[in-house]
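# Structure at a glance
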Amino acid sequence: MSADVMCDEKGFCVQREGERCVIDATGVYYRQLNERIRAALEHGVTDIEVVQVRGQRYIATAVEGDVRFTVRGVPGQDLGAFMRGPVIHVYGNAQDGVGNTMDGGRIVIHGMAGDVLGYAMRDGRILVRGDVGYRVGIHMKAYMDRVPVIVVGGKAGDFLGEYMAGGAIILLGMHSGMADAPITGRNLGTGMHGGVIYLRGRVPEYQLGPGLSMEPVDEADLDFLRGHVADFAAEFAGEFGAGGAAGGSEAAGQAAPVDAEALAAAILSEPFVKIRPFSHRPYGNMYVGTN
Amino acid sequence: MQAPRDFWHFEKDISGCGVFGVIDRARRLIPGSEPIAAMCTMHDRGNGLGGGFAAYGIYPDRADWYAFHLMCDDRDALERAEGVIKQFHDIRHSEPIPTRKVASVKNPPVVWRYFVTPKANRPAWATGDEADYMVGTVMHINTKVPGVFVFSSGKDMGAFKGVGFPEDIADFFRLDEYHAHMWTGHNRFPTNTPGWWGGAHPFTLLDWAIVHNGEISSYGINKRYLCQHGYECTLMTDTEVVAYLIDLLIRKHGLTKREASWVFAPPFWDEVDRMPEAEREAFKALRMVYGSALLNGPFAILVTDSNGMMGLNDRVKLRPLVVAEQGDRVFMSSEESSIREVCRDLDRVWAPKAGQPVIIDYLPQGGAA
């Protein structure tokens, strides 16, 4: 691998090794950090590791193409917003607005994440090992073969999948720091008119928003779940059930399988339910009669 | 430092603020550099129209005296306030609050601190206890003495605030020279009320200090309710009601912090309906008595007093709040990154549920005070 030094107009340099570079975010304001990331991308770097991240916003926002990011620390709001294509791994916890209006690619959080994750997401995957906050997956949508999917290993707050129009949310409720909390909160799927939410276990009916049904999964659902659970297990095998990046923020659970296949089997050993709207357009007649 | 007189001078913006708090439960001292660094990480949560800090344990040599922090239009206003203070209190010590000139802090008010004790022979009309007497003094100065506001009035604690980013205000008040066993900080993004010196956070009364991200839509109801109980809002900012409500509910009416959180962020009626009967009746009663103290609108607040810190979200969690622990230290913040900025390795990190308070008290003090 050839090592060379890459400098931007302001004289900031990063050591580059072929397609790869490491950027230290210590004390760097978010604008400069994102300028450096853009400069590296323009120099043809496709594998960027950003270390010592503490709250810098908009990392990988609107980046397109086959790029790999490794983020170490706690990235700020709107990580990977509008992005189309990149793969981001976060070793740490993420804050609010992860994958806002994301258009494709993959975000893997090896920790927990904050509120409004996957807001208005249109395509791609978000996988979170631990808990997520409130209003996750609200306004998600799908079109033809573009179907966004969020898989959460821990628990979620209220308003999960609110106003959801397409795509899928899979909530496992397993790797959680909140032992006493319900798997998800009130107003689950309120205003939902498309897409599907899969829950491992059950929730009381009163948590559901109006116009929704909660049913056992069928064989087609299980096929879908098997694929995404295998994917999830491959990412987090070996770190599921352990303390991890949150510094012991997760409950010390029983020893979890290290092997991805065994982990997937353990996840699928409990029954799932699916939550969907009763009809195709439950709000079609709300304001103007259409039939 | 006067509040804008005309509506067209008022700032109106969208977005939220940033809050940060740290408490050392064993009362070990934390240098001011820590909360300042944490607030710097959340620089973009504010817009330079308000920053402030509250610090507990900063006046150990004068811990028995009430510390009044005053902001005044000019020296004349300070003279007027001093006349009032002298009338009702013995001034034990008086000095300017140490400041340094900071380019970004423009036209600062005259800031002064008095360490006082109430006069032994209080007027016959002062029927309440000592704390009531102190509250009366604060209300009197804030409503009746032109050009002066008391922005801190507790013992062994102080608030420092003004117009600027929190790091600028910290620089102005030389907070890097203070050590405290509990700090809160605030970065303001004024929404519906003016960005002026009195409107910066924290809002205080006695040893209560509140920092808040969000907006209290019920301000009008809360303000009128407080008015009936002798608290007058003068600072033109919604968060002021929280400071006075907490004093009314906890100090005057004897509620616990947990109970006060049920008043501020009560459970929804459908949740109340599902409760066992005794609990259901208790929550109904609380709502009937204290409906006017309910805080409507989005909020993440940190409430501090001489016993410790409470973090609380509104009941649908419209603002972020993260809590972290490391040994005897507990952190509460709008963003985890600000906590990691000052403490890389944490024992536990979690986001509290909507309406569920996190109440952290100091450990009981042993023989060594």
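Numbers given for residues are sequential positions, taken from 1 along each chain in its written order. Chain labels run from A onward and ligand labels from 1 onward, assigned in the order the entries are written. A pLDDT threshold of at least 70 governs which residues receive local features in this predicted model, and a stricter bar of 80 or more applies before side-chain atom pairs are shown or counted, although totals over entire chains, interfaces and linings include all residues.

Further remarks concern the overall build of chain B. Within chain B one finds 10 helices and 18 strands. Our radius of gyration looks at C-alpha atoms and nothing else; its globule reference is 2.2 Å times the residue count to the power 0.38. In terms of C-alpha radius of gyration, chain B reaches 20 Å, essentially the compact-globule figure of 21 Å for 369 residues. Seen through its C-alpha atoms, chain B measures out along the principal axes to roughly 60 × 55 × 50 Å. Counting only contacts in chain B whose residues sit at least 6 apart along the sequence, the fraction spanning at least 24 positions is 75%. In this text, helices come from DSSP runs of H or I with a minimum length of four residues, and strands from runs of E with a minimum of two, each type numbered from the N-terminal end. A residue pair is marked as a contact if its C-beta atoms, positioned from the backbone, fall within 7 Å.

This part covers the overall build of chain A. Within chain A one finds three helices and 13 strands. Long-range pairs, those at least 24 residues apart, make up 44% of the contacts in chain A between residues at least 6 apart in sequence.

Facing 22 residues of chain B, the contacting portion of chain A comprises 23 residues. Elements represented by at least two residues in the side of chain B that touches chain A include exactly α10 (336-342) and β17 (348-350) of chain B. With five residues, the top contributor of residues to the side of chain B that touches chain A is α10(B).

Turning our eyes to something else, we now look at unusual backbone geometry. Here the amide bond leading from H201(B) into P202(B) is cis, since omega sits at 5 degrees, within 30 degrees of zero. When you line up the elements, P202(B) lands in the loop between β10 (182-187) and β11 (203-205). Positioned with a positive phi, M144(A) is a non-glycine residue whose angle comes to about 50 degrees. Within the secondary structure, M144(A) sits in the loop between β8 (123-128) and β9 (149-152). The phi angle at R174(B) is positive, at roughly 55 degrees, despite the residue not being glycine.

All names here are of chain B. Here seven strands make up an open sheet; going across it, the order is β8-β3-β10-β1-β16-β15-β17 and the pairing antiparallel. Of all the strands in the sheet, just β8 (157-162) and β17 have a single pairing partner and so form its edges. Strand-to-strand twist of the sheet, defined as the mean angle between neighbouring strand axes without regard to direction, takes the value 10 degrees. Only strands joined by at least two bridges in the DSSP assignment are considered to pair. Note: strand β1 (residues 18-24) against β10, six bridges, orientation antiparallel. If you follow G18 over to β10, its bridge partner there is N187. Axes here refer to lines fitted to C-alpha atoms; in helices the fit is confined to the stretch in contact. Angles between the N-to-C directions go from 0 to 180 degrees.

A separate point is helix α9 (residues 277-290) of chain B. For a helix, the expected span equals 1.5 Å multiplied by the residue count minus one. Taking 1.5 Å per residue as the helical rise, α9(B) with its 14 residues ought to reach 20 Å, and the 20 Å between its terminal C-alpha atoms agrees with that figure. With respect to burial, α9(B) is a largely exposed element, only one of its 14 residues being buried. Put simply, a residue is buried when 20 or more other C-beta atoms lie within 10 Å of its own C-beta and exposed when 12 or fewer do; between those, it is partly exposed, and each C-beta is set from the backbone.

Before going further, it helps to spend a moment on the environment of L172(A). Residues and elements named next belong to chain A. Topologically, L172 is positioned in the loop between β10 (165-171) and β11 (194-200). What makes L172 buried here is the crowd of 24 C-beta atoms within 10 Å. Residues L172 and V258 lie 86 residues apart in sequence; the distance between their C-alpha atoms is 17 Å. Setting aside chain neighbours within four positions, we find L172 in contact with V152, G153, R200 and I267.

Now for the confidence of the model for chain B. pLDDT runs from 0 to 100 and stands for how confident the predictor is about each residue. Averaged over chain B, the pLDDT score is 94; the fraction of residues at 70 or greater is 95%. The ipTM value of the predicted complex is 0.91, and its pTM value is 0.93.

A separate point is the environment of N34(A). Here N34(A) lies in helix α1 (residues 30-42). Given 19 C-beta atoms within a 10 Å radius, N34(A) is considered partly exposed.

Residues and elements named next belong to chain B. Pairing is antiparallel across the open sheet formed by five strands, whose spatial order is β11-β12-β13-β14-β18. The open sheet has two edge strands, β11 and β18 (358-361), and neither has a second partner. Ignoring strand direction, the axes of neighbouring strands in this sheet form an average angle of 15 degrees. Note: strand β14 (residues 308-313) against β18, four bridges, orientation antiparallel. Paired with M310 across the two strands is I359, which belongs to β18. Here helix α6 (residues 240-252) sits on the sheet in contact with β11, β12 (208-214) and β13 (299-305), set at roughly 25 degrees to β11.

A separate point is the pairing of β10(B). Residue and element names in this part refer to chain B. With respect to burial, β10 is a largely interior element, six of its six residues being buried. Both strand β3 (residues 51-56) and β10 contribute to a ladder of six bridges, which runs antiparallel. Counterpart to G52 in the pairing with β10 is H186.

Residues and elements named next belong to chain A. If you check helix α2 (residues 219-236), its first and last C-alpha atoms are 25 Å apart, about what 18 residues at 1.5 Å a residue would give, namely 26 Å. Within α2, the full set of buried residues consists of L225, V229, F232, A233, E235 and F236. Buried residues of α2 fall within an arc of 145 degrees about the axis and therefore sit on the same side. For α2, the exposed residues set more than 90 degrees away from the buried face come down to E219, A220, D223 and G227. Starting at the helix axis, one direction is taken to each C-beta atom, and the arc is that of these directions.

Residues and elements named next belong to chain B. Viewed as axis vectors pointing N to C, helix α5 (residues 219-227) and α6 meet at an angle of 45 degrees, and their least axial separation amounts to 10 Å. By the criterion of interaxial angle, the relationship of α5 to α6 is oblique. Where α5 crosses over α6, the handedness of that crossing is left-handed. In contact with Y219, N222, K223 and L226 of α5, α6 contributes V241, Y244, L245 and L248. If an angle is under 35 degrees, it is roughly parallel; if it is over 145, roughly antiparallel; if it lies from 65 to 115, roughly perpendicular; otherwise it is oblique. Crossing chirality is assigned from the near helix's rotation relative to the far helix, an anticlockwise turn below a right angle marking it left-handed and a clockwise turn marking it right-handed.

So, on to the packing of α6(B) against helix α7 (residues 257-264) of chain B. Residues and elements named next belong to chain B. In contact at an axis separation of 10 Å, α6 and α7 are set at 135 degrees when each is read in the N-to-C sense. When the axis of α6 is compared with that of α7, the two are oblique. Where α6 crosses over α7, the two elements pack in a sense that is right-handed. From α6, I246, L249 and I250 reach across to α7, where they touch K257, A260 and V263. When its residues are assigned to classes, the contact of α6 with α7 shows five nonpolar, no polar and one charged. The nonpolar class holds Ala, Val, Leu, Ile, Met, Phe, Trp, Tyr, Cys and Pro. Asp, Glu, Lys and Arg form the charged class, and all remaining residues, Gly among them, are polar.

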